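Chain by chain, the residues:
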There are 4 protein chains.
Amino acid sequence: MIGEYQFYLGGEFCSSDEKLAVINPYTGKVFANTSMAGNLELDKAIDKASAVKEDLIDFPSGKKYNILMQIAAGIKDAREEFAGIIVAESAKPIRYARGEVDRAIQTFIVAAEEAKRLPGEYLDMEWTAPGEGKEAIVRYFPVGLVAGIAPFNFPLNLAVHKLAPAIASGCPIILKPSSSTPLTTLRLAQIIDRTDLPKGAVSIIPMNRETGNSMVSDDRFALLTFTGSPAVGWKMKSNAGKKKVVLELGGNAGLIVTESADLDKAVAKSLVGSFAYSGQVCIHTQRILVHKDVFDEFTAKFIEGVQKFRSGDPTDESTEISAMIDEDNAKRVEEWVREAAKGGAKVLAGGKRDGGYFEPTVLTNTKNSMKVCSLEIFGPVVTIEKYTEFDRALTYINDSRYGLQAGVFTNTITEMNAAFRHLEVGGIMINDIPGFRVDHMPYGGVKDSGFGREGVKYSMHDMLEPRLLVKDK
Amino acid sequence: MIGEYQFYLGGEFCSSDEKLAVINPYTGKVFANTSMAGNLELDKAIDKASAVKEDLIDFPSGKKYNILMQIAAGIKDAREEFAGIIVAESAKPIRYARGEVDRAIQTFIVAAEEAKRLPGEYLDMEWTAPGEGKEAIVRYFPVGLVAGIAPFNFPLNLAVHKLAPAIASGCPIILKPSSSTPLTTLRLAQIIDRTDLPKGAVSIIPMNRETGNSMVSDDRFALLTFTGSPAVGWKMKSNAGKKKVVLELGGNAGLIVTESADLDKAVAKSLVGSFAYSGQVCIHTQRILVHKDVFDEFTAKFIEGVQKFRSGDPTDESTEISAMIDEDNAKRVEEWVREAAKGGAKVLAGGKRDGGYFEPTVLTNTKNSMKVCSLEIFGPVVTIEKYTEFDRALTYINDSRYGLQAGVFTNTITEMNAAFRHLEVGGIMINDIPGFRVDHMPYGGVKDSGFGREGVKYSMHDMLEPRLLVKDK
Amino acid sequence: MIGEYQFYLGGEFCSSDEKLAVINPYTGKVFANTSMAGNLELDKAIDKASAVKEDLIDFPSGKKYNILMQIAAGIKDAREEFAGIIVAESAKPIRYARGEVDRAIQTFIVAAEEAKRLPGEYLDMEWTAPGEGKEAIVRYFPVGLVAGIAPFNFPLNLAVHKLAPAIASGCPIILKPSSSTPLTTLRLAQIIDRTDLPKGAVSIIPMNRETGNSMVSDDRFALLTFTGSPAVGWKMKSNAGKKKVVLELGGNAGLIVTESADLDKAVAKSLVGSFAYSGQVCIHTQRILVHKDVFDEFTAKFIEGVQKFRSGDPTDESTEISAMIDEDNAKRVEEWVREAAKGGAKVLAGGKRDGGYFEPTVLTNTKNSMKVCSLEIFGPVVTIEKYTEFDRALTYINDSRYGLQAGVFTNTITEMNAAFRHLEVGGIMINDIPGFRVDHMPYGGVKDSGFGREGVKYSMHDMLEPRLLVKDK
Amino acid sequence: MIGEYQFYLGGEFCSSDEKLAVINPYTGKVFANTSMAGNLELDKAIDKASAVKEDLIDFPSGKKYNILMQIAAGIKDAREEFAGIIVAESAKPIRYARGEVDRAIQTFIVAAEEAKRLPGEYLDMEWTAPGEGKEAIVRYFPVGLVAGIAPFNFPLNLAVHKLAPAIASGCPIILKPSSSTPLTTLRLAQIIDRTDLPKGAVSIIPMNRETGNSMVSDDRFALLTFTGSPAVGWKMKSNAGKKKVVLELGGNAGLIVTESADLDKAVAKSLVGSFAYSGQVCIHTQRILVHKDVFDEFTAKFIEGVQKFRSGDPTDESTEISAMIDEDNAKRVEEWVREAAKGGAKVLAGGKRDGGYFEPTVLTNTKNSMKVCSLEIFGPVVTIEKYTEFDRALTYINDSRYGLQAGVFTNTITEMNAAFRHLEVGGIMINDIPGFRVDHMPYGGVKDSGFGREGVKYSMHDMLEPRLLVKDK
C-alpha cells in the first residue's frame with residue numbers, strides 16, 4: 001500500500017516526471033507516490049487504444065465474460081488490500097471501504113453477464129408495402145474510445161462503473177482517477193493486466209488538469225463519461241465536440257418521513273444516509289422532511305443516534321465517521337453551517353470543525369435559500385424540517401436545481417404513487433434513503449444532477465451504437 | 001336480427017340439416033334459426049383451413065393489420081346491431097352488451113397491432129467456444145390450425161379473443177360458438193368475409209356435441225383453446241392428443257375490503273362485480289371479505305345498493321339485471337342458495353327465483369363447504385363475511401380449488417404486497433373487483449381455473465412456434 | 001393551396017409582421033404567403049407549452065392513441081391536397097409527393113401504437129443482500145419541451161418524425177419548418193388543432209435565423225432534434241447547453257453491386273436511389289461500386305435507364321425529375337461536376353444545368369478527393385466505379401467522413417456478413433439502395449452523419465426520461 | 001466411481017431394497033450398484049419438496065445465483081471424475097464425455113444468471129377508458145413441483161437441463177435418471193447437497209417403471225419434463241392430468257450440402273454429426289443430401305473420414321467410437337441396416353456388428369420408406385443421397401414425422417432464407433450439422449419430435465407462472 005505506484009498506459013506500467021504525492025486525509029501525511037500523464041502520454045494511450053479497437057469488436061462475448069469474472073475474482077482475493085488503500089487515500093472508515101470493494105466485485109460480475117446480453121433486435125419490416133419480403137436485424141457495436149473521469153469519494157466502485165461496462169461493450173477506455181485517490185484503480189490495473197484483455201483496451205492514468213481537459217475536447221474519443229461536481233460537468237458538455245456525454249453529478253437529496261413510516265427503521269437508515277463517509281456521497285441525505293405528527297419523536301431519536309456516532313481513525317473497525325477529504329472542504333462546510341445559523345437555522349447537533357474533521361451536524365429552521373439547502377453540501381450536514389401535507393413535502397423536494405434520488409418512508413399506496421409521479425428525480429426509494437443503490441439498477445439524475453444513466457446495462461447502452469441490417473426474408 | 005343465419009365454413013355461408021333454434025332467454029321464445037355442423041362439415045372446414053395454411057405464413061404483417069383494423073371498423077359501424085343480437089340471444093342488459101361490443105372492437109385493434117410485433121429475437125451464440133463466430137435469430141411461425149370453443153356469456157368478445165389472435169398469428173381457426181348464443185359470431189363472420197383474409201382462414205360453425213368432441217381429439221388441429229366450465233375443460237386436456245391446450249375456466253373469485261379502503265368506491269364496484277349479467281361471468285365476485293371495523297357500514301351500503309337494482313327487459317336502457325341464460329341454471333342457483341340457508345347462512349337480500357330470473361342475492365354466515373362458496377355459482381349471488389387479520393383473509397381466498405382473479409380494496413403498501421405474494425390467482429386487482437379486465441392484459445387462472453393465458457399478445461404466444469436459425473456472423 | 005397561411009402558436013393560428021413568401025421552385029413564382037416568428041412569438045409558444053406540460057404527463061396512452069390516429073385519418077382524407085402543397089413548395093414530382101404523404105400517415109399510426117408501448121420495466125433488486133426484499137419499477141416520463149427543426153426536402157414526413165413521437169411521448173414541441181417549404185406542416189397544424197390534444201402541446205412556426213438560433217440555445221427546451229446539413233447540425237450541438245441533442249444529417253451514401261446480384265433489380269433500384277427528387281435526399285445514392293465482372297453490363301443498363309427519365313412539371317403524373325429547390329443549389333452542383341470533370345472524371349450522362357434544373361448525371365473515373373465523392377452533393381449526381389475485391393469495396397465506402405446508410409446487392413452470405421460487420425454506417429440494405437427506409441425502423445448515421453436515431457420508437461427513446469421506483473416486495 | 005451409490009431423497013442420501021446394478025456397456029460388466037425408489041420413496045420426496053415450496057418462492061435471486069455458481073464450480077473441480085463416470089456407465093468416449101461435463105458447467109452458469117433475470121413486466125393499463133389511472137406489474141412465480149425424467153445418452157447435461165432451470169425458477173424438482181446411467185447425477189447430488197439450497201428442493205432417484213409412471217400421472221406435480229423417445233413421450237402427455245408437459249424427443253435429422261458449401265468443413269462436421277457417441281444423440285445426423293455437382297467429391301471424402309475412425313475402449317484418449325448402450329440396440333440397428341440393404345440400399349461403409357459395437361455405417365440409394373430413413377435410428381448410421389434442386393431437398397427433409405433440427409451448408413442467401421422459411425424443424429444450422437447446440441439457445445422439436453423448448457431461459461419459461469397485479473397509478 002505504501003510506496004510507489006506506476007500508472008497503466010496501453011498495457012504497460014510506467015511513470016512520468018510529473019510526480020503526484022498521495023496524502024492520507026486522516027493523518028495528513030503523504031504515504032505513497034505516483035505520477036501524472038501529460039498530453040504526450042495521453043496521445044500514446046489513445047494510439048494504443050485505437051490499435052485494439054477492431055480486435056475488441058470481434059471479441060467473443062464469452063471471452064469478455066471470462067475476463068470480467070477473472071477481474072472480479074482478483075479483487076475478491078485482494079479484498080483487504082483494496083479496502084486498506086481506500087481507507088488510506090480517502091479516510092473512508094474501513095467498514096464502508098469493505099462495502100465499496102464488495103460492490104466493485106459485483107459490478108464486474110454484472111458486467112460479465114451483460115457482456116453476453118448486448119441488446120440485439122429482430123425487426124419485422126413488413127408493416128407497409130415497401131418493406132414486404134424484408135426483415136431486419138439490429139446489432140450493437142462499440143461506440144469507440146471512452147474517456148472516463150472518476151471522483152475521489154468512491155475511488156474504486158465509481159471508476160469500475162466506467163471500466164467494467166466499457167470492457168463489456170468492447171470499447172477501449174482511458175480512465176483518469178481523482179488526483180486525491182488514484183491508488184485504488186492503479187492497484188486494479190494490475191489485476192486487469194493479468195487477464196487476456198488486449199493490451200491498450202484499458203489505460204488508467206492520473207492526469208494534470210490540462211491533460212484532463214484535452215480528454216474532454218479531443219475528437220478521438222467517442223464518449224465522455226464523467227462523475228463529479230455539477231459545475232465541472234456541465235461545462236464539459238459544451239466542450240465535448242462531437243462525442244457523446246454522460247454526466248453523473250450530485251444533488252441535495254431529500255427524504256420524506258410520513259406518519260405511516262416505521263420510525264425506527266427510518267431513523268436508523270437516515271443516520272447512515274446523512275453521515276456515512278461524512279456526507280461525501282452524491283446521494284447523501286441532505287434534507288429530511290418529517291410529518292408533524294412524528295416530527296418530535298423522529299428528531300429526538302435521530303439526535304440520539306447522532307450522539308452515539310463513533311468518530312476517529314478510519315482504520316479502526318468501530319469508526320463510523322472520520323476526516324473529510326481535505327481541510328478546505330471541511331472549512332467550506334463550516335462556513336455554510338455558520339451562514340445558516342446566522343440566517344436563523346438552529347443547530348440541533350454538531351456544527352464544529354477540527355482540522356479536516358467536521359462533526360455530524362443537524363440543522364432545523366432552515367430556509368431554502370441557504371446554501372445548506374440549495375447547494376450540494378458534500379459534508380456531514382443534514383436539515384430536518386416539519387411538513388403537514390404530503391403534496392407540499394413533494395414540492396419542497398422539487399424546489400431545487402437538482403434531482404438525483406429521493407427517499408420516502410411510508411406505508412400508504414397513494415403517497416407512494418404521488419411520489420413516483422411527482423418527484424423530479426432519477427430514482428425514488430420507498431422506505432429507504434436517497435442513497436440506496438445497487439449496481440445493476442439505472443442510476444442518474446435529472447435537472448442539474450446529471451445527463452444519462454449509469455448502472456452496468458444502462459452505461460453500456462451509451463457505449464454501444466446500433467447498426468441495422470435489412471435483408472430479404 | 002330476427003331470422004335465418006347461415007354458418008361460415010371455409011369462406012362460404014351455408015346451412016346443414018341439423019337445425020338450431022335460438023331462444024331469447026328473457027322472452028323464452030325462439031327468435032332466430034341457424035344450423036349445426038356435423039363431422040362432414042368439420043372435415044370440409046379443416047380441408048379449407050389446411051389449404052390456406054402456407055399462404056398465411058407468408059402473409060405480411062401490414063396486411064394482417066389492415067384486415068384486423070377493417071374488422072374492428074366493421075363492428076364499430078354495426079355496434080347497435082351487435083349489441084341487439086347479444087341482448088336477444090343472451091338476455092344481457094343492453095348497457096353491458098354495448099360494453100362487450102366496444103371491447104371486441106378494442107380486441108381486434110390490439111390484435112392488429114400485435115400482428116406487427118411478433119416476438120422475433122436476436123441471439124448471441126458466442127457465450128462458449130463452440131458458438132464463436134455464430135449468431136442466431138428466432139422467428140415465430142404459426143403453430144397450425146386452431147380449434148376455438150367459445151361460451152355463451154360473452155358471445156362476442158370471448159370468441160374474438162380466439163379469432164383475433166389467430167388471425168394476427170397467421171393460424172387458420174375453426175370456431176365453435178355456444179349453441180345458446182351462436183348469432184353474434186355468425187354476424188361477425190359477415191364482416192370478416194368482406195376483408196382480404198384468405199378464405200378458409202376463419203370458419204365459424206355451431207356444432208353438435210359429437211362434432212365438438214371430434215374437434216378436441218382431432219390431430220389435425222395444433223391448438224385447442226377453450227373457454228367454459230372447469231369440468232368440461234379439464235376432460236378435454238386429456239383427450240387432446242398431441243395438440244397444445246389453453247383452458248379459460250371459471251372460479252369463485254374473492255374480494256377483500258380492508259379498513260383503509262375507499263368504502264363508497266368499494267361498494268359501487270362490488271355491486272357491479274357481484275351482479276352484472278346476473279353473475280354469469282367467469283370472474284364474477286362471489287366471496288367478499290370485509291374487515292371487522294368497516295363490515296357493518298360496507299354491508300349496509302351494499303344491501304342498499306342491491307335494493308336499488310332495476311331488473312327487467314334487457315333491451316331497456318335502465319335495466320341492470322335480467323333473466324339468466326335458462327331456467328335450469330336459475331333453478332340450480334336457487335337450489336344452492338336453499339342449501340346454504342339450510343346450513344345456517346343468512347340471506348341478507350334476494351334469494352328468490354321467478355322462471356329464469358333470479359334475484360340479486362346476498363348471503364352471510366356461510367361456510368366454506370357450502371356450494372355457494374366452494375363451487376362456481378355463475379349466478380347473481382355473493383357472500384359477505386367478516387375478517388380480523390389480513391393474512392387470514394388471504395388464506396380464506398386461497399382455500400379454494402380455483403384461482404382466477406381476486407380484488408383487494410386497500411391503501412396500505414404492505415397489504416398490497418402480501419396480496420401479490422400470497423394470493424394463488426392469475427391476477428390481483430388493487431382497489432378494483434376481481435372482474436376487472438382490459439383486453440391486452442394477461443388473463444387466466446391457476447389451479448382448477450385454467451391452463452395458460454389469454455389477452456391478445458398472450459394468446460398469440462401459444463399460437464406461435466419458435467424457429468431458430470443459427471448462422472455465421 | 002394558393003393563398004395566405006397562418007402559423008400555429010400555442011393552439012392559435014396567427015401571423016406576424018415578418019412576412020415569408022413561398023416560391024414554387026419549378027415555376028420560380030411566389031404562390032403563397034405566410035409569416036415568421038421572432039423571439040417574442042417563440043417566448044409565447046414556450047409559455048403555452050410549459051403550461052400544458054403537466055397535463056401531458058397524465059395524459060392516458062389511449063387518448064394519445066386516439067389523437068394520433070385521428071391525425072393520420074385527417075391526412076389521409078386530405079391526401080391529394082397535401083401532395084399538391086408538397087409539389088408546389090418543393091417541386092417534388094407528384095408520384096413521390098404522394099409517397100411522402102402515405103409515409104406521414106404511417107408515421108402517425110406507428111406513433112399511435114408506440115404511445116401505448118412506452119418502455120416500462122420491472123427490476124429484480126435481490127441480486128445482492130442490500131436489495132433483498134425489494135423490487136423496482138422503471139417508468140418513462142416525458143423529457144420536457146422539444147425543439148424540432150425540419151428540412152425542406154421532405155417537408156411533411158421529416159417534420160412528422162418529430163411531431164408524432166413528441167405527441168406519443170407526452171412532450172410539448174415547437175417545430176420550425178424549413179423557410180422554403182413551410183406550408184405542408186402549417187396545413188397539418190389545422191388537422192392537429194381539431195383533435196383533443198391540449199392546446200400548446202404543438203406549435204408549428206416558421207422562424208427567422210436568429211429566432212431559430214435562440215431555440216437551439218434556450219435552456220427551457222429539454223431536447224433539440226434537428227434534421228438538416230452536417231455543418232449546421234454539429235455547430236448546434238456545441239451551443240445546445242444542457243439539453244439533449246439528436247442530429248439527423250446527410251452523407252455520401254455508397255452502394256455495392258456484386259457479381260451475384262440480380263442486375264436488373266439493382267439497376268432499377270439504383271436509378272431511383274440516385275435521382276429521385278433530384279438527389280435531394282439524405283440517403284441519396286451518391287457512390288456506386290460495381291464488381292468488375294458486371295461493371296460494363298450494369299453501367300450500360302444504368303445509362304439506358306437515365307436516358308429514359310422523364311423530366312418536367314412536377315404536377316405531371318409522368319414526371320420523374322424536376323427542378324431543384326433553388327437555382328443556387330443547381331449552380332453548386334454544376335460547379336462540383338465541373339471540378340470533377342476537370343480532375344479527370346468522365347461524364348457518362350447528364351451534367352448540364354437549365355436554371356434550377358440539373359440533369360441526372362453519371363460520373364466515372366472519379367477520385368475520392370473530388371467534392372462529388374467526398375462531400376454530400378444533394379443533387380442528381382452519382383459516381384460509378386469498378387472494384388475487384390469485396391473488402392476493398394467496403395474500405396472505399398468507409399473512406400468518408402459520413403456514415404448514414406449503405407446498400408449491397410449480393411446473394412452471398414459471407415459478403416452480407418462482412419458488410420454488416422465492417423461498414424461504418426447506421427444501416428446496411430442488402431439487395432436494396434441506401435435510401436431504403438420504412439418509418440418504424442431505427443434510422444440515423446454515425447461519424448459526421450448524425451447523432452442519435454429516429455424512427456418512431458427510437459425518437460421516443462430520446463424524448464423520455466427513466467424514473468426508478470424502488471419499493472418493498 | 002466403482003462401488004455403491006445412494007440416491008438423494010429430500011436432502012438425504014439413502015437406499016432401498018430394490019437394487020440396481022450398473023453395467024459398463026464396453027466391458028459388459030457390472031461396476032457399481034445403486035437402488036431404485038418405489039412409490040413410498042416417491043411420496044416421501046414429494047412431501048419434502050412440498051415442505052420447501054414456500055421457502056423457494058421467497059428465495060432471493062442472488063442466493064439462487066450463488067448456489068448455482070457453486071454447483072458449477074463443484075462440477076468443474078470434479079471434472080475428470082464426472083467424465084470418468086460418464087465413460088463407465090455409457091461407453092461414451094472420454095473426449096466427448098469431457099465435453100458433456102463442460103456443457104453441464106456452462107448450463108449451471110447460465111441458469112445462475114437467468115435466476116436473476118426472471119421475466120417481470122410493467123404494463124400500461126390506460127389503453128382504454130376502464131384502465132385509466134391504473135398500471136400493472138407481472139411477476140413470475142414458480143409453477144410448483146417438477147417431475148424430470150432424463151435419458152441415458154447425456155446422463156449429466158440432459159439432466160442438468162432440468163435441474164438447473166428448476167433451481168433458478170424456484171421450483172422443487174424430483175429427477176428420475178435413466179436406469180442405465182444413474183450414477184453421474186447421483187454424484188452431482190453430492191455437490192448440490194453441499195450448497196445452501198433448502199433440503200427437499202432437489203431429489204434425484206432412480207425409479208422402477210411403475211413409480212416412474214406414477215410420477216407422470218400424479219397431480220401433485222405441476223410440470224412434467226421428459227427427454228427420451230417419441231413413443232414413450234407422447235403417451236405421457238395423455239396421462240399427465242392437469243400438469244404442464246414438456247417433451248424433448250428425437251428425430252431423423254437431415255443435412256443439406258449445397259454446391260456453394262465449404263466441402264472440407266462440411267465433411268469434417270458431418271462425420272462428427274453422424275457418428276459421435278455412435279449416433280445415440282437426439283440430433284444425430286441421419287440423412288445427408290448433397291447437391292449433384294459435389295456429391296461424388298463429398299461422398300469420397302466422407303468415406304475416407306469414416307475409414308480413419310478409431311474405435312475401441314472409451315477411456316482411451318484417441319477413441320472416437322465405442323460400444324452402443326447395449327447389445328439389443330446394436331442388434332436393432334443391424335436389423336434396420338439389413339432391411340435397407342435388402343430393399344436396394346448400398347452400403348458404402350460399415351454395416352457390421354460385434355456384440356454391442358456397431359460400425360460407422362454409410363448408406364446410399366435408400367428409400368424414404370426404409371426404417372433407416374423414416375424412424376429414429378439412434379445408432380451410427382447415416383444415409384447420403386443426391387439432389388438437384390434445393391426446393392426438393394427441403395421437401396425431402398420435411399417428408400418425415402419428425403422435426404428437431406436440420407443443417408444446411410451453403411453460402412447463398414436465398415438458400416438460407418428458404419431453409420429458414422420452409423424447414424419444419426425447431427432449429428436450422430447454417431454451415432453446421434443438425435447436432436449443433438449451445439446450452440442457452442432454445443432447443444426442441446416440432447411435429448413428433450417434441451412439445452415445448454429447453455435451453456435454460458426457455459425451460460424456465462415453462463417452470464414459471466405469471467401473476468398480474470393491477471393497481472392505481
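Quick summary incoming for the structure in this document. The structure presented is a predicted model; accordingly, all values stated were derived computationally and were not measured. (Residues numbered from 1 in each chain as written. Chains lettered and ligands numbered in written order. Predicted model: local features only at pLDDT ≥ 70, side-chain atom pairs only at ≥ 80, totals over all residues. Heavy atoms only, no water.)

## Re the relation of the copies chain B and chain D
Put simply, the rule is: Overlaid copies result from least-squares superposition on C-alpha atoms, with residues included only where pLDDT is at least 70 in both. Here a residue-residue contact requires only that any non-hydrogen atoms of the pair lie within 4.5 Å.
With an RMSD of 0.0 Å, chain B superimposes on chain D once it is rotated by 180° and translated 0.0 Å along the axis. In short, the pair behaves as if placed about a two-fold rotation axis. Residues of chain B ranked by C-alpha distance from the rotation axis are headed by S238(B), positioned 2.6 Å from it. Most of the interface of chain B is mirrored in chain D, where 100% of its interface residues are also at the interface.

## Topic: helix α3 (residues 79-90) of chain C
Residue and element names in this part refer to chain C. Which entries qualify depends on this criterion: Helix numbering and strand numbering both begin at the N terminus, where a helix is a DSSP run of H or I of at least 4 residues and a strand a DSSP run of E of at least 2. By definition here, a helix of n residues has an expected span of 1.5 Å times n minus one. Whether a residue is buried, partly exposed or exposed follows from its accessible area with a 1.4 Å probe, protein chains only, as a fraction of its type maximum: under 20%, in between, or over 50%, in that order.
Taking 1.5 Å of rise per residue, 12 residues should cover 16 Å, and α3 covers 16 Å from first to last C-alpha, within 8% of that figure. Burial of α3 is extensive: nine of the 12 residues sit out of reach of the surface. Where α3 is buried, its residues touch β4 (18-24), β5 (29-36), α2 (61-77), α4 (94-115) and α6 (183-193). One or two positions beyond α3, positive phi appears at A91, with a value near 60°.

## Quick word on the interface of chain B and chain D
Put simply, the rule is: Defined here as a combined quantity, buried area equals the accessible surface (1.4 Å probe) lost by two parts on assembly, summed across both. We define a salt bridge as a side-chain nitrogen of Lys or Arg found within 4 Å of a carboxyl oxygen belonging to Asp or Glu. Two N or O atoms count as a polar contact when they lie within 3.5 Å, although within protein this holds only if one can serve as hydrogen donor and the other as acceptor, and sequence-adjacent residues are included solely when both atoms are side-chain atoms. Three categories are distinguished: nonpolar for Ala, Val, Leu, Ile, Met, Phe, Trp, Tyr, Cys and Pro, charged for Asp, Glu, Lys and Arg, and polar for the others, with Gly belonging to the last. By this definition, two strands are paired if DSSP reports at least two bridges between them.
If you look at the interface, chain B gives 64 residues, while chain D gives 64 residues. Both sides together, the interface formed by chain B and chain D hides about 5400 Å², and carbon and sulfur atoms give 57% of it. Sorting the residues of chain B by area buried against chain D places K242(B), F420(B) and R421(B) first, and these three jointly supply 15% of that buried surface. At the junction of chain B and chain D, the tally comes to 10 salt bridges. Between E54(B) and R421(D) there is a salt bridge, with its nearest N and O atoms 3.3 Å apart. Scanning the region where chain B abuts chain D turns up 37 residue pairs in polar contact (both at pLDDT 80 or more). Counting residues per element, the side of chain B that touches chain D draws most heavily on strand β25 (residues 464-472) of chain B, which supplies eight residues. Of the residues in the side of chain B that touches chain D, the class split is 28 nonpolar, 12 polar and 24 charged. Two elements, β25(B) and strand β22 (residues 427-430) of chain D, share three bridges in a ladder whose sense is parallel. When the sheet's bridge partners are listed, V470(B) is paired in β22(D) with M429(D).

## Here's the deal with the sheet that holds strand β1 (residues 3-4) of chain B
Residue and element names in this part refer to chain B. For clarity, the cut-off: Helix axes are fitted only over the stretch in contact, all axes being lines through C-alpha atoms; the angle between N-to-C directions runs from 0 to 180 degrees.
Spatial ordering of the open sheet is given by β1-β5-β4, a layout of three strands whose pairing is mixed. The open sheet has two edge strands with one neighbour each: β1 and β4 (18-24). Strand direction decides the pairing type here: β4 and strand β5 (residues 29-36), joined by seven bridges, are antiparallel. For A21, the partnering residue across the bridge sits in β5 and is N33. Running over the sheet, helix α3 (residues 79-90) touches β4 and β5 and is turned about 95° from β4.

## So, the interface of chain C and chain A
Each partner contributes to the interface: chain C provides 64 residues, whereas chain A provides 64 residues. Linking chain C with chain A are 37 residue pairs in polar contact (both at pLDDT 80 or more). Among the residues forming the side of chain C that touches chain A, the class breakdown is 28 nonpolar, 12 polar and 24 charged.

## Some remarks on the environment of E339(B)
Residues and elements named next belong to chain B. Along the polypeptide, E339 turns up in helix α11 (residues 327-342). Residues E339 and V372 lie 33 residues apart in sequence; the distance between their C-alpha atoms is 8.6 Å. Sequence-distant contacts of E339, that is, excluding residues within four places in its chain, are made with M370 and K371.

## Thoughts on the pattern of salt bridges
Within the structure shown, the criterion is met by 148 salt bridges over all chains. In this structure, the salt-bridge partner of E12(B) is K48(B), at a minimum N-O distance of 3.9 Å. Residue E12(B) is found in strand β3 (residues 12-14), and its partner K48(B) is found in helix α1 (residues 39-57); the two are separated by 36 residues along the sequence. Exposure remark for E12(B): the relative accessible area of 46% places this residue in the partly exposed category. Overall, K48(B) belongs to the partly exposed group, its relative accessible area being 30%. One salt bridge in this structure joins D432(C) and K269(C), with 2.8 Å as the shortest N-O distance. Here the residue D432(C) occupies a position in the loop between β22 (427-430) and β23 (446-447), and K269(C) occupies one in helix α9 (residues 263-275), the gap between them amounting to 163 residues. What makes D432(C) buried here is its relative accessible area of 4%. Take K269(C): its relative accessible area is 26%, and that puts it in the partly exposed class.

## Regarding the environment of L247(B)
Residues and elements named next belong to chain B. In this structure, L247 sits in strand β12 (residues 244-248). Through-space distance from the C-alpha of L247 to that of L123 is 32 Å; in sequence the pair is 124 residues apart. Contact partners of L247, with chain neighbours within four places excluded, come to F226, G233, W234, K237, S449, G450 and F451.

## A look at the packing of helix α4 (residues 94-115) of chain B against helix α15 (residues 456-463) of chain B
In a packed pair of helices, the relevant descriptors are the angle between the two axes and the axis-to-axis distance. Residues and elements named next belong to chain B. Defined as follows: For this classification, under 35 degrees means roughly parallel, over 145 means roughly antiparallel, 65 to 115 means roughly perpendicular, and everything else is oblique. Each crossing is labelled by how the near helix is turned from the far one, with a counterclockwise turn of less than a right angle marking it left-handed and a clockwise turn marking it right-handed.
As a packed pair, α4 and α15 sit with axes 9 Å apart at the nearest point and diverge in direction by 55°. When the axes of α4 and α15 are compared, the pair comes out oblique. Crossing hand, α4 versus α15: right-handed. Across from T107, V110, A111, E114 and A115 in α4, the residues of α15 making contact are V456, K457 and M460. Looking at the contact of α4 with α15, its residues break down into five nonpolar, one polar and two charged.

## As for the sheet that holds strand β4 (residues 18-24) of chain D
Residue and element names in this part refer to chain D. Reading across from one edge, β1-β5-β4 is the order of the three strands in this open sheet, with mixed pairing throughout. Every interior strand has two partners, whereas the edge strands, β1 (3-4) and β4, have only one. Across the sheet, helix α3 (residues 79-90) is in contact with β4 and β5 (29-36); its angle to β4 comes to roughly 95°.

## Brief notes about α1(B)
All names here are of chain B. The condition is simple: Each residue is assigned a bend, namely the angle between axes fitted to the seven residues that terminate at it and the seven residues that start at it.
Here α1 spans 27 Å end to end across 19 residues, near enough to the 27 Å set by a 1.5 Å rise per residue. Its axis deflected by about 30° at A51, α1 carries its strongest bend there. Among all positions in α1, only E41, L42, A45, I46, A49, V52 and L56 are buried. The elements touched by buried residues of α1 are β2 (7-9), β9 (173-176), β10 (202-204) and α7 (209-217).

## Topic: the packing of aromatic side chains
Spelled out, the test is: For Phe, Tyr and Trp, rings pair up if their centres lie within 6.5 Å, where Trp contributes its six-membered ring, and each pair is then called stacked (planes under 30 degrees apart), edge-to-face (over 60) or tilted (otherwise).
If you walk through the whole model with that rule in mind, you get 28 aromatic pairs over all chains. A ring pair is formed by W234(A) and F451(A), whose centres lie 6.1 Å apart and whose planes are at 75°; its orientation type is edge-to-face. Linking W234(A) in helix α8 (residues 230-239) with F451(A) in strand β24 (residues 450-451), this pair joins segments that are 217 residues apart in sequence. A single burial state applies to W234(A) and to F451(A), both of which are buried. Between F275(D) and F309(D) the ring centres are 5.6 Å apart and the planes differ by 80°, which places this aromatic pair in the edge-to-face class. Placement of F275(D) in helix α9 (residues 263-275) and of F309(D) in the loop between α10 (292-308) and α11 (327-342) is noted, with a sequence separation of 34 residues between them.

## A few points about the relation of the copies chain C and chain A
There are two copies of the chain, and a rotation about an axis plus a shift along that axis relates them. If you rotate chain C by 180° and push it 0.0 Å along the axis, it lands on chain A with an RMSD of 0.0 Å. Of the interface residues in chain C, 100% have counterparts in chain A that sit at the interface too, so the contact is made through matching surfaces.

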